[in-house]
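Summary of the model geometry
Single-letter residue listing:
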Amino acid sequence: MPDFLTLDNLIVRGKTVLVRADLNAPVQKGKLTDISRLERLLPTLKELSEKGARIVLLSHFGRPASGKPDPQYSLKPVAAALGELWGQPVAFAEDCIGSIAENAIKALMPGQILVLENTRFHAGEETNDPAFAQALAALGDIYINDAFSVAHRAHASTEGIARLLPAAAGRAMQEEIEALTKALEKPERPLAALVGGSKISTKLALLQHLIGKVDILVLGGGMANTFFAAKGLGIGTSICEPDMYVTAQAIVAKAEQRGCHIMLPKDVVVATALKEGVAVKTVPVTAVPPDQMILDLGPASVKEIKENLALCKTVVWNGPLGAFETPPFDHATNEVAICVADLTKRGKVLSVAGGGDTMAALSQAGVTNGMSYLSAAGGAFLEWLEGRELPGVAALKKAVPKGKVGKVIM
């Protein structure tokens, strides 16, 4: 039983339900170029509509300056795109509070959808101003957060409002929290984490948290170079963070104390430059030429990773293992991605992956649908992996009346 309310706990017929969505989709010349965020919202909208709720969507869009209206950041084209996806008109209101929003809501029939204008057109959104949160809450009877991707922000529409109305998780939010909890908080073991990326400094909190959680930590990408250099190995012209050597050594030492096995590459693919068509060769990590740079893992390293993953029950992945954007330096990431997808398909592992580069790498490998769960949350996904409390999730948990989980509250 989750420690937050879901749609299963609510009676919504005849109610006005405020749904915090993530409608921050890319738009070019007034048209959406990616509707994946809208598609993730459909299960919640469908369920609320069939149950007779009046559905009012709240969302930010872009970063308008100074918390003031800016036509280029209007949600109007997104509302139109949602209507096309929904198969029937979706109404739009040119403000998210006040009489304009109120009148648009009054015009709604049960089952219909209304998109309110960009919440960031008001400065009170990002400052989590209590008065702005109250103005939002005044528009509805129930609040549902279905945007895990913004749950790491303590904004009025993600955190403040959840404390003012009966609050629950939408289906996408529920699915994400349950998948991440199962993968990292209550995993079947052995648990492996694949972490790539260019710098230790950007994922320091993640690494420090994971070594206390996972059984195997596989490191790839540019950050592995810093671990090599910290051990006194030559890395040629590879990217590196000399100021992180002591930190890298401390991470390895702490991992050993906690029983976490850190896997660094045994062999690597090197070249004189990161570009297609350049001459490449595979060398042991102990023999990187001084005029070459490490750009991918070698076949022996890939083989070792795949063998270890085959022994695991749970796999968490954040970050590519090499410079995957430029072939042939995508080989290791592709091979490991296909391996994880195959283990998942055969029911051998629960696999959870997330982060923008990770999603792009898995898409390039052709296994986007091969993971048990693929998070599009970006910053929120990373902060969850770091063990940080997400304000939007915490507010949902605190909104649960004592002893009421599992019971209808509205």
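Above this text sits the structure in question.
Residues numbered from 1 in each chain as written. Predicted model: local features only at pLDDT ≥ 70, side-chain atom pairs only at ≥ 80, totals over all residues. Heavy atoms only, no water.

A look at the overall build of the chain
Each helix and strand counted, the chain has 14 helices and 17 strands in total. Its C-alpha atoms give the chain a radius of gyration of 23 Å, within 12% of the compact-globule value 22 Å for 410 residues. Along the first, second and third principal axes, the C-alpha set of the chain runs to 70 × 50 × 40 Å. For the chain, the proportion of its 410 residues judged to be buried stands at 55%. Taking contacts inside the chain between residues at least 6 apart in sequence as the whole, the part at least 24 apart equals 74%. Mean positive and mean negative side-chain charge positions of the chain (42 and 42 charges, respectively) differ by 5 Å. (Helix = DSSP H or I, 4+ residues; strand = E, 2+ residues; numbered from the N terminus. Rg over C-alpha atoms; globule rule 2.2 N^0.38 Å. Buried < 20%, exposed > 50% of the residue type's maximum accessible area, 1.4 Å probe, protein only. Contact = heavy atoms within 4.5 Å. Lys, Arg positive; Asp, Glu negative; His and termini not counted. Charge placed at Lys NZ, Arg CZ, Asp CG, Glu CD.)

Focus on the nonpolar core
Residues Leu116, Phe148, Leu207, Leu217 and Leu219 are the most contacted members of the largest nonpolar core, which totals 76 residues. Sequence-distant contacts of Leu217, that is, excluding residues within four places in its chain, are made with Ala193, Val195, Leu207, Leu210, Ile211, Cys260, His261, Ile262 and Met263. Counting residues in each nonpolar core, the second largest holds 30 residues, with Ala21, Leu23, Ala25 and Leu45 among its members. (Core = buried A, V, L, I, M, F, W, Y, C linked by side-chain atoms within 4.5 Å.)

As for helix α8 (residues 223-230)
One turn of the α-helix equals 3.6 residues, which is why residues spaced by three or four share an orientation. Here α8 lies mainly inside the structure; 8 of its 8 residues are buried. All of the buried residues along α8 are Met223, Ala224, Asn225, Thr226, Phe227, Phe228, Ala229 and Ala230. For α8, the elements touching its buried residues are β9 (191-195), α7 (204-210), β10 (216-219), α9 (245-258), β12 (267-271) and β14 (293-297). Count one or two residues on from α8 and you reach Gly232, which has phi positive near 90°.

Examining the environment of Ile11
Looking at the element boundaries, Ile11 is found in the segment before β1 (16-20). Judged by its relative accessible area of 48%, Ile11 is partly exposed.

Some remarks on the pattern of salt bridges
For the coordinates displayed, the defined rule picks out 16 salt bridges. The shortest N-O distance in the salt bridge between Glu47 and Arg171 comes to 2.8 Å. Of this pair, Glu47 sits in helix α1 (residues 36-50) while Arg171 is found in helix α6 (residues 171-185), placing the two residues 124 residues apart along the sequence. Across the pair, Arg171 and Glu47 agree in class, each one buried. Lys306 is the salt-bridge partner of Glu335, the closest N and O atoms lying 3.4 Å from each other. Of this pair, Glu335 sits in helix α11 (residues 331-345) while Lys306 sits in helix α10 (residues 299-309), and the two are 29 residues apart along the sequence. By sharing partners, the salt bridges in this structure join Asp8, Glu47, Lys51 and Arg171 into a single network. (Salt bridge = Lys/Arg side-chain N within 4 Å of Asp/Glu carboxyl O.)

Brief notes about the sheet that holds strand β8 (residues 167-169)
Across the sheet, which stays open at both edges, the 6 strands sit in the order β5-β6-β4-β1-β7-β8 with parallel pairing between neighbours. This sheet does not close on itself; its edge strands, each paired only once, are β5 (91-93) and β8. With strand direction ignored, the average angle separating the axes of adjacent strands in the sheet is 25°. Here β1 runs beside strand β4 (residues 54-58); their pairing, made up of 5 bridges, is parallel. (Pairing = 2+ DSSP bridges. Axes fitted to C-alpha atoms, helices over the stretch in contact; angles between N-to-C directions.)

Details of the pairing of strand β7 (residues 142-145)
Alternating residues of β7 divide into Ile142 and Ile144 and Tyr143 and Asn145, and every residue in both groups is buried. Of the strand pairs in this sheet, β7 and β8 are connected by 3 bridges, and their pairing is parallel. Each bridged residue has a counterpart across the sheet, and for Asn145 the counterpart in β8 is Ala169.

Regarding the sheet that holds β12
Strand order across the open sheet formed by 3 strands is β13-β12-β14, with antiparallel pairing between neighbours. If you trace the sheet from one side to the other, it starts and ends with β13 (280-284) and β14, each paired once. Taking each pair of neighbouring strands and ignoring which way they run, the sheet shows an average axis angle of 40°. Note: β12 against β13, 5 bridges, orientation antiparallel. Opposite Val270, over in β13, you have Lys281 as the bridge partner.

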